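Here is what each chain is made of, one letter per residue.
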Amino acid sequence: MNRRSAPLALLTLLTMTAPALAGADGRWQLGLSFGEIPVLAGSFKPGITVGYRLDDTLFLGLELQAADHLQRDGSSFNARNTGLDGLVSSTERTGMRAFLGLRYRPWRDAPHLALGLVMNGEDREVMDFDARPRVIGGASADGALRIVQTRGRGLGLAVGMGYALSLGGPVSLDTGLAMALLGDVPTPRVQFAGAGAPEGEAADAFRAALERAYAGNIHNRYHLFTLGLSYRLD
């Protein structure tokens, strides 16, 4: 089985086995979550979790997160990776995200391991730099510059881990991260605009450098992070 067929095969397996698993002894579980810590990241990404606990060790679940907009500014990894001074702002629009898979918890109160499919919608980051003389891609440029990086939507086979802290009764505080660690980071589409935009060979060289920096940032892999509350339906 190659890397491209593995996610589709896993999705098919989970879809086929879910009805049979739902008939086993266990508990349904519902949750509300968000995908960022608003105080720290200025984002929210509200989401829901629906799942079925097959036994004390296995949980089959689907996590969905809404699209979101956020202002990253100087905290943007991609803006810093440009190597340019004069950042004015960095804004990002993230697409809808989802994870379908199994969690395995070896014993009570232990962290869980996860395996499944992570699906991300299109992410688009707009970085604006002020007008000043610069050397970009080996050529001189002078003026304001806008860089737009777009990662297309996609899915991947993901692994992850998390933890559920019981708050008493059927309520728990849940957190988890699932990330497509196999294969390469998706290559973004990079566009330049403004009086200071590089052209020709300089643009090609700068675009290639941005693509390498993008690939070197683990945050740019397809992934889903959740933090929220879950309620177990006994």
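Above this text sits the structure in question.
Here the structure is a predicted model, which means the values were calculated and not measured. (Residues numbered from 1 in each chain as written. Predicted model: local features only at pLDDT ≥ 70, side-chain atom pairs only at ≥ 80, totals over all residues. Heavy atoms only, no water.)

A.B. asks: Would you mind showing me how to read the pattern of salt bridges here?
C.D. replies: Side chains that carry opposite charge are capable of pairing whenever their charged atoms lie near each other. Evaluation of the coordinates by the stated rule reveals nine salt bridges. A salt bridge links Arg103 to Glu63, with the shortest nitrogen-to-oxygen separation between them at 3.5 Å. Separated by 40 residues along the polypeptide, Arg103 in strand β6 (residues 97-104) and Glu63 in strand β3 (residues 58-65) bring together distant segments of the chain. Note on accessibility: Arg103 and Glu63 belong to one class, buried. When the shortest N-O distance is used, the salt bridge between Arg151 and Asp123 registers 2.7 Å. Remark: Asp123 occurs in strand β8 (residues 123-136) and Arg151 occurs in strand β9 (residues 139-151); sequence separation between them is 28 residues. We note that Arg151, like Asp123, is buried. Sharing partners across several salt bridges, the network here consists of Arg97, Asp123 and Arg151. (Salt bridge = Lys/Arg side-chain N within 4 Å of Asp/Glu carboxyl O. Helix = DSSP H or I, 4+ residues; strand = E, 2+ residues; numbered from the N terminus. Buried < 20%, exposed > 50% of the residue type's maximum accessible area, 1.4 Å probe, protein only.)

A.B. asks: Would you explain unusual backbone geometry in this entry?
C.D. replies: As a rule of thumb, non-glycine residues mostly have phi less than zero, and peptide bonds are mostly trans rather than cis. With a phi angle near 50 degrees, Asp73 is a residue other than glycine that sits in the positive phi range. By the element assignment, Asp73 lies in the loop between β4 (68-71) and α3 (77-81). With relative accessibility at 28%, the residue Asp73 sits in the partly exposed group.

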